[in-house]
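# Observations on chain architecture
Chain residues, written in single-letter form:
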Amino acid sequence: MKRVLIIGGANGIGLAMAMTLAKRESTERVYIVDKAPLAEEHKNEKIDSYEFDLTSQDYSLFDRFTDIDGIIITAGFGRLALFRDVPEEMISTYFQVNTIPVIRIIKRFYDRLASADDFYCGVMVSIAGFMSSPFFSLYGATKAALKIFIESVNVELEKNGSQNRILNVSPGSIKGTSFNGGATDLSETEQLAEDIIAHIEAKDDLFIPRYDEVFHDVLERYHTDFRAEGRHSYDYKLQSGRVISKESKTGKN
């Protein structure tokens, strides 16, 4: 990838990937689109940043990125809370931030994905999209929708002869991001950023970090008995200390 658009690249794993790419001699330009401004200490001569709210109806901003050969979408938020404690108006917000923008952006660049030319694409989804996740019911629903969307479009690309693929990146909790209300720590996310970029450039369609160490067994337990694994997930979140209150802070993927 030489000219890359990163949506949600002002902090968290998106910023880590932007900084990793900007360090490469071969990288010509990194475009960041985020609701938050790019902090002064992260500005770089190879990076152009734009502020944009993904809940906007007008996506014409993305028409200017005609020179890119890759898109990475990391924007999104989650809140640990029981469904009974989630305000009704937040239901649409979850999908308007986590799901619909990904589909709209990929639609705008679909012709590039379907072409014979190399075009790279990666989306931060979540392991919560693969299984029931109490306290994350809405978040998990938005990610499950993305999982099925990505899998379906990848089959369409394959059947139409394109070698390009959308990478579904589905991690668990990531240290060093602002997802749980903490501060971005690039030293914690640098290796993961490099791993994700490598999988995008290999045109893989799925990457679950720590799959062998953690999530192989988790997914096996889920498929064996999804009810029991759901109860285990509920208890684990309570015991982890991550459930603070129904006003738990939100943050980036």
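Quick note: structure is the one above.
Attention here is on the structure that accompanies the text. Quick caveat, the model's predicted, so the values are computed rather than measured. (Residues numbered from 1 in each chain as written. Predicted model: local features only at pLDDT ≥ 70, side-chain atom pairs only at ≥ 80, totals over all residues. Heavy atoms only, no water.)

## Thoughts on the environment of Met131
Within the secondary structure, Met131 is located in the loop between β5 (120–124) and α5 (137–159). Separated by 121 residues in sequence, Met131 and Ala10 have C-alpha atoms that sit 29 Å apart. Discounting chain neighbours no more than four positions away, the residues touching Met131 are Val218, Leu219 and Tyr222. (Helix = DSSP H or I, 4+ residues; strand = E, 2+ residues; numbered from the N terminus. Contact = heavy atoms within 4.5 Å.)

## Topic: the packing of aromatic side chains
Under the definition given, this model contains eleven aromatic pairs. Their ring planes at 15° and their centres at 6.4 Å tell us that Phe109 and Phe119 sit as a pair that is stacked. Taken together, the residues Phe109 in the loop between α3 (100–108) and α4 (110–113) and Phe119 in the loop between α4 and β5 connect sequence positions ten residues apart. Just as Phe109 is buried, Phe119 falls in that class too. On the numbers, 4.8 Å between centres and 40° between planes, the contact of Phe135 with Tyr234 is tilted. A residue pair is termed long-range when its members are at least 10 positions apart, and Phe135 in the loop between β5 and α5 and Tyr234 in helix α8 (residues 226–240) qualify at 99 residues. Since its relative accessible area comes to 32%, Tyr234 is described here as partly exposed. In textbook terms, an aromatic cluster arises when at least three aromatic residues are bridged by ring pairs, as seen for Tyr31, Tyr50, Phe52, Tyr59, Phe62 and Phe65. (Phe/Tyr/Trp six-rings, centres within 6.5 Å; stacked < 30°, edge-to-face > 60°. Buried < 20%, exposed > 50% of the residue type's maximum accessible area, 1.4 Å probe, protein only.)

## Considering the environment of Cys121
With respect to the helices, strands and loops of the structure, Cys121 is situated in strand β5. Since its relative accessible area comes to 1%, Cys121 is described here as buried. A sequence separation of 46 residues divides Cys121 from Leu167, and the C-alpha atoms of the two residues are 6.2 Å apart. If near-sequence neighbours (up to four positions away) are discounted, Cys121 is found in contact with Ile71, Ile106, Leu113, Arg165, Ile166, Leu167 and Ile200.

## Some points on the nonpolar core
Within the largest apolar cluster, 29 residues are counted, with the highest numbers of intra-cluster contacts made by Ile7 and Phe62. Put simply, the parts of the chain that give this core at least two residues each are β1 (3–7), β2 (29–34), β4 (70–73), α3, β5 and α5. With five residues, the single largest contributor to this core is α5. The residues touching Ile7, leaving out its near neighbours within four places in the chain, are Val33, Leu54, Phe62, Ile71, Ile72, Ile73, Thr74, Ala75 and Ile105. Counting 27 residues, the second-largest nonpolar core is a separate cluster that includes Met19, Leu21, Ile174 and Ala193. (Core = buried A, V, L, I, M, F, W, Y, C linked by side-chain atoms within 4.5 Å.)

## Considering the packing of helix α1 (residues 12–23) against helix α6 (residues 186–201)
Following both chains from N to C, one finds α1 and α6 inclined at 70°, their axes separated by 8 Å at the closest point. With respect to α6, the axis of α1 lies roughly perpendicular. Contacts between α1 and α6 involve Ile13, Leu15, Ala16, Met17, Met19, Thr20, Leu21 and Lys23 on the former and, on the latter, Leu186, Thr189, Glu190, Leu192, Ala193, Glu194, Ile196 and Ile197. For the contact of α1 with α6, the residue count by class is eleven nonpolar, two polar and three charged. (Axes fitted to C-alpha atoms, helices over the stretch in contact; angles between N-to-C directions. Parallel < 35°, antiparallel > 145°, perpendicular 65-115°, else oblique. Nonpolar A, V, L, I, M, F, W, Y, C, P; charged D, E, K, R; others polar.)

## A closer look at helix α7 (residues 211–224)
Among all positions of α7, only Phe215, Val218, Leu219 and Tyr222 are buried. Burial along α7 is one-sided: seen end-on, the buried residues are contained in an arc of 95°. Across from the buried face of α7, at angles greater than 90 degrees, the exposed residues are Asp212, Glu213 and Thr224. Buried residues along α7 sit in contact with α8. (Arc of directions from axis to C-beta.)

## A word on unusual backbone geometry
Notably, Phe135 is not glycine yet its phi reads approximately 75°, a positive angle. Since its relative accessible area comes to 6%, Phe135 is described here as buried. Of note, Arg210 is a non-glycine position whose phi angle comes to about 60°, a positive value. By secondary structure assignment, the location of Arg210 is in the loop between β7 (206–207) and α7.

It is worth stressing that arrangement in space is one thing and function is another; only the former is reported here.
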